[in-house]
Amino acid sequence: MKHEHSMHEEKEHEMHEPQHETHEHKTHDHHARMLQDFKKRFIVSSILTVPILVLSPAIQSFFGFKFEFAGSLYITFFLSSFVYFYGGYPFLKGIVDELKKKNPGMMTLIAVAISVAYFYSSAVVFGLEGKFFFWELATLIDIMLLGHYIEMRSVLGASRALEELVKIMPSQAHLIKNGDVVDVSVKMLKVGDKVLVKPGEKIPVDGVVLEGVTAVNEAMLTGESKPVTKKAGDKVIGGSINGEGSIVVKVEKTGKDTYLNQVIELVRQAQETKSRTQDLANKAAFILTILALTVGTITLIVWLAYGKEFVFAIERAVTVMVITCPHALGLAIPLVVAVSTSLAAKYGLLIRDRQAFERAKDLQAVVFDKTGTLTKGEFGVTDIIPLADIEENKIMEIAASLEANSEHPIAEGIVNSAKKMGVEITNVEDFRAIPGRGIEGTINNAKYKVVSPGYLKELGVEVDNEEVEKVKQQGKTVVFLVEGSKPVAAIALADIIREESKEAIKKLREMGLRCMMLTGDNRFVAKWVAEEIGLDEYFAEVLPHEKADKIKEVQERYTVAMVGDGVNDAPALAQADVGIAIGAGTDVAVETADIILVKNDPRDVVDVIKLSRKTYSKMFQNLLWATGYNFFAIPLAAGVLYGYGILLTPAAGALLMSLSTVIVAMNARLLKM
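Residues numbered from 1 in each chain as written. Predicted model: local features only at pLDDT ≥ 70, side-chain atom pairs only at ≥ 80, totals over all residues. Heavy atoms only, no water.

Looking at an unreviewed UniProt entry, one finds the protein named Copper-(Or silver)-translocating P-type ATPase, with Archaeoglobus sulfaticallidus PM70-1 as its source organism. You can read under Subcellular location (unreviewed entry) in the UniProt record for the protein the words "Cell membrane". Checking UniProt for the protein, the heading Sequence similarities (unreviewed entry) contains the comment "Belongs to the cation transport ATPase (P-type) (TC 3.A.3) family. Type IB subfamily." (UniProt positions renumbered as here; feature names shortened; annotations may be inferred.)

Draft legend 1. Spotlight on the sheet that holds strand β21 (residues 578-582). The strand order β10-β22-β21-β20-β11-β18-β19 describes an open sheet built from seven strands, whose pairing is mixed. The outermost strands of the open sheet, each flanked by one partner alone, are β10 (349-351) and β19 (537-539). Within this sheet the neighbouring strands show an average axis-to-axis angle of 20°, counted without direction. (Pairing = 2+ DSSP bridges. Helix = DSSP H or I, 4+ residues; strand = E, 2+ residues; numbered from the N terminus. Axes fitted to C-alpha atoms, helices over the stretch in contact; angles between N-to-C directions.)

Draft legend 2. The arrangement of the packing of helix α16 (residues 392-403) against helix α17 (residues 409-421) in detail. Running from amino to carboxyl end, α16 crosses α17 at an angle of 135°, the nearest separation of the two axes being 9 Å. Classified by the interaxial angle, the pair formed by α16 and α17 is oblique. Relative to α17, α16 is oriented so that their crossing is left-handed. For the pair α16 and α17, contact is made by N393, M396, A399, A400 and E403 and by A411, I414, V415, S417, A418 and M421, respectively. Among the residues forming the contact of α16 with α17, the class breakdown is eight nonpolar, two polar and one charged. (Parallel < 35°, antiparallel > 145°, perpendicular 65-115°, else oblique. Left-handed = near helix turned anticlockwise from the far one by under 90°. Contact = heavy atoms within 4.5 Å. Nonpolar A, V, L, I, M, F, W, Y, C, P; charged D, E, K, R; others polar.)

Draft legend 3. Expanded view of the pattern of salt bridges. For the coordinates displayed, the defined rule picks out 26 salt bridges. Where R41 meets D37, a salt bridge forms, and the shortest distance between an N and an O atom there is 2.9 Å. One end of the pair is R41 and the other is D37, both in helix α2 (residues 20-55) and four residues apart, which spans about a single turn. Residue class for R41 comes out buried when judged on its relative accessible area of 11%. On the basis of relative accessible area, D37 is assigned to the partly exposed category, the value being 25%. Taken together, the shared-partner salt bridges connect E503, K507, D601 and R603 into one network. (Salt bridge = Lys/Arg side-chain N within 4 Å of Asp/Glu carboxyl O. Buried < 20%, exposed > 50% of the residue type's maximum accessible area, 1.4 Å probe, protein only.)

Draft legend 4. Up close: the UniProt feature "transmembrane region" (unreviewed entry) in the protein. When the UniProt feature table is mapped onto this chain numbering, "transmembrane region" (unreviewed entry) sits at residues 42-63, 69-92, 104-126, 132-150, 284-306, 318-345, 623-645 and 651-671. The span residues 42-63 carries 95% helix and 0% strand; its end-to-end C-alpha distance comes to 25 Å. Counting secondary structure, residues 623-645 comes out at 65% helix and 0% strand; the distance between its end C-alpha atoms is 31 Å.

Draft legend 5. Expanded view of unusual backbone geometry. Phi is positive for N178, close to 55°, though the residue is something other than glycine. On the secondary structure map, N178 appears in the loop between β1 (172-177) and β2 (180-185). Despite not being glycine, D430 shows a phi value in the positive range, around 55°. Structurally, D430 is set in strand β13 (residues 429-434).

Draft legend 6. Fine view of the environment of L597. If you trace the backbone, L597 turns up in strand β22 (residues 595-597). For the pair L597 and G348, spaced 249 residues apart in sequence, the C-alpha separation works out to 6.0 Å.

Draft legend 7. Region of the structure containing the sheet that holds strand β14 (residues 438-443). Across the sheet, which stays open at both edges, the six strands sit in the order β12-β17-β16-β15-β14-β13 with antiparallel pairing between neighbours. Of all strands in the sheet, those with a lone pairing partner are β12 (375-386) and β13, marking the two edges. With strand direction ignored, the average angle separating the axes of adjacent strands in the sheet is 20°. Relative to strand β16 (residues 477-483), strand β15 (residues 446-451) is paired through four bridges, and the arrangement is antiparallel. Looking across to β16, one finds that Y448 is bridged to E483. Of the strands in this sheet, β12, β16 and β17 (486-497) touch α17, which is tilted by about 75° from β12.

The following block contains the structure:
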């Protein structure tokens, strides 16, 4: 019966599981399949293009050789037919989709060009007088497939954010049942169950502490940098990390009701509503589509009206349509994307969403998360305040020697700071922890304690010192070193500000951007950090589910980038016009972001914006090179100067296409950081 009950619970849980995980997985698979499809079609079409080129009269004439045999014309036709229907399928399907939406673009232009070239050339094979466009057709399809393949690669990976969020939760929990502790799947937990959470483990669900005292690291979820003390009656969040004490937690929320799953839902909503900017290439393609169809049709009608034979008129129209779809346009944007992406990666900037990266050029404001972004996300000593005749190094030596025996995050911060100062740690005798208050021990026959302000208050000891009050007002954590019963020093700890943060903010402000900070930490800490590094604005005590709303508020005034690293930043990263993740953050921040900073250096945000501006400039230049020659090539192809004996042949048109492609490729390679 127990087994049946467990199965029923598992099925019930599955029924209530959010469906977006499956949706995200399917979307990711769809993108992967599309990428492989473009790659396969490109390889097959490119291989078949080689014999088409060898058998084409225009190519033979250009290189000065002749290669003909019985049936060679039909072999060229069959190979070209395969390339047209197999390699050109994505574009033929694309024209149908675009025309259904009444939004002709790149796919329409490509499909029109290859179809006109194919059907006209096929008619020539079977008796119509004229010239073949088979090699132009095949190479055009190859180039377009390559361009789309490069483009598709940037799309892949953008749909894994929610999967990464789910991974944060532990899969197992220690269920307390009838006095025994049993390891069960987290999915099996119900509201009201009691679970044991051991030191260093992730808390499996949202709940309330029934027994025990500990310090919980919630930075990954709330942005609060310092560990939060938890005792009986306090609430805990699933996914946060338990500190040095064991606790018993009563389950209050499961499944989609948990805090983390609510964050997941916020990310999903923000992703769905993210605006999509139309590509420059699509705009150019739309104009060229209208131009190609209009000028091609006019050319055909005008030459027929002038009494020219149909073969001449159709050749002029076809030349116009083929030449209006330059190979270079298919590569103008993807080539710059490929160069800028690889260039960025070399400098530790990983671009995941191309459109968002392009939007970075228009940014007006940058909002930084505090913990782990502007700060190191680790506790450290910021102030040492002597209260008696004792040197700073001596204070740190005694405090670090005592704290070396503790696993508390404050102890870790003091010990690490002491090591950086080069302070030696000495032996401690009679070491004892004072639960929830501090520690004590004997060093060189003298009794010392490192304790909280609350402990001194309990003893009735008052510390009246301006410096101590100042660091308290800055929201820093203060502990006291006590010798015997007399406080001899105060040590202030806080999340350490990155050395690079001040320089990053200075450079961004010089570029005309407004710099802000968003944090779950208290307003005193936020004010201290903001003043230290020179921010324009800051938002403090902002809960994760409020962060996306804050970004929306800022978006009413500016185009915004969000820079963060934690789970709590995920909805804000998704909501912002550009989401930038610090690489050492949690997987979810990385997966939700559009751009990832591998080196954990806020100064890289400056590089991202500069590179975006340079990339846009190169894209614009390439579009001009890819399409500009049409201004004189189209009239020549149409036969405007025919009366003067000047007529652009399909071969000459193809040469212009090739030249513009080479220029576009070289120009993209000139992109530098």
